[in-house]
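One letter stands for each residue in the lines below.
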Amino acid sequence: MEKKRKRLIVAKYNENVDWINRLRNDFEIIVYNKENNLPPDSLEFAKNEYYIDGIKWIDLPNIGREAQTYLFHIIENFDDLRDLEVFTQGNPFDHTAEIITKIKNIRQQILSNTYNEKLTFLSDKIFN
């Protein structure tokens, strides 16, 4: 069976992201850190990649909210996107209390080839 590549993308500003450790065995994880005082016009952020406990961190200027982070990731990794890319804020629990369970369920469906969606919203409160 072909191995499915999975990656969790976290847009972090001032949140505690310790919860990502519960997914570290299931996903490659990248945390885009906007809590770093980089000037908004800084182009040096792409060179500031580092690892903390095996998780990749990349500093970005604090502009554009999480949508800018997601778009940046897609553009920078366009030729190397994973079979599953999960995008989330640093604190997704305000939107979905059971986010970790939902992510793990989708991961399991991907691995068993029973997942057919191209886009899934993980939030319980999409329109609120």
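These numbers were taken from a predicted model, which means no experiment stands behind them.

**Some thoughts on the confidence of the model for the chain**
For any part of a model where pLDDT is low, the fine detail of the predicted coordinates should not be relied upon.
Stage number 1. Scored by pLDDT, the chain comes out at a mean of 84, with 84% of its residues at no less than 70.
Stage number 2. Here helix 2 (residues 99–111) stands out as the least confident element of the chain, with mean pLDDT 82; strand 2 (residues 28–33) is the most confident, with 96.

**Concerning the environment of Lys56**
Stage number 1. One can find Lys56 in strand 4 (residues 55–59).
Stage number 2. Remark: the alpha-carbon pair of Lys56 and Ile30, spanning 26 residues in sequence, is separated by 4.8 Å.
Stage number 3. For Lys56, the residues in contact, after removing those within four places along its chain, are Ile29, Ile30, Val31, Glu49, Tyr50 and Tyr51.

**Brief notes about the pattern of salt bridges**
Stage number 1. On inspection of all chains with the given rule, the structure shows eight salt bridges.
Stage number 2. Put simply, Arg5 and Asp80 hold a salt bridge, and the shortest N to O gap is 3.1 Å. Of the two residues, Arg5 sits in the segment before strand 1 (6–12) while Asp80 sits in the loop between helix 1 (65–76) and strand 5 (84–89), which places them 75 residues apart along the sequence.
Stage number 3. Asp80 gets classed as partly exposed once you look at its relative accessible area, which sits at 35%.
Stage number 4. The partner of Glu35 in a salt bridge is Lys12, with the nearest N and O atoms 2.4 Å apart. Of this pair, Glu35 sits in the loop between strand 2 and strand 3 (49–52) while Lys12 sits in strand 1, placing them 23 residues apart in sequence.
Stage number 5. A residue is classified by how much of its surface remains accessible, and Glu35, at 38% relative accessible area, is partly exposed.
Stage number 6. Exposure remark for Lys12: the relative accessible area of 9% places this residue in the buried category.
Stage number 7. Each of Arg5, Arg7, Glu28, Asp80, Arg82 and Glu85 takes part in one network of salt bridges that share partners.

**Concerning the sheet that holds strand 1**
Paired through backbone hydrogen bonds, the strands of a sheet run either parallel or antiparallel to each other.
Stage number 1. If you walk across this open sheet you meet the five strands as 3-4-2-1-5, and the pairing is mixed. Where the open sheet ends on each side, the last strands, each with one partner, are strand 3 and strand 5. Between one strand and the next, the sheet's axes are offset by a mean angle of 25 degrees, whatever the strand orientation.
Stage number 2. Bridging between strand 3 and strand 4 involves four bridges; their strand directions are antiparallel. What sits directly across from Glu49, in strand 4, is Ile58.
Stage number 3. Docked against the sheet, helix 1 engages strand 1, strand 2 and strand 5, running at close to 155 degrees with respect to strand 5.
Stage number 4. With respect to the sheet, helix 2 is in contact with strand 1 and strand 5, its orientation differing from that of strand 5 by roughly 175 degrees.

The rules behind the values
Residues numbered from 1 in each chain as written. Predicted model: local features only at pLDDT ≥ 70, side-chain atom pairs only at ≥ 80, totals over all residues. Heavy atoms only, no water. pLDDT = per-residue confidence, 0-100. Helix = DSSP H or I, 4+ residues; strand = E, 2+ residues; numbered from the N terminus. Contact = heavy atoms within 4.5 Å. Salt bridge = Lys/Arg side-chain N within 4 Å of Asp/Glu carboxyl O. Buried < 20%, exposed > 50% of the residue type's maximum accessible area, 1.4 Å probe, protein only. Pairing = 2+ DSSP bridges. Axes fitted to C-alpha atoms, helices over the stretch in contact; angles between N-to-C directions.

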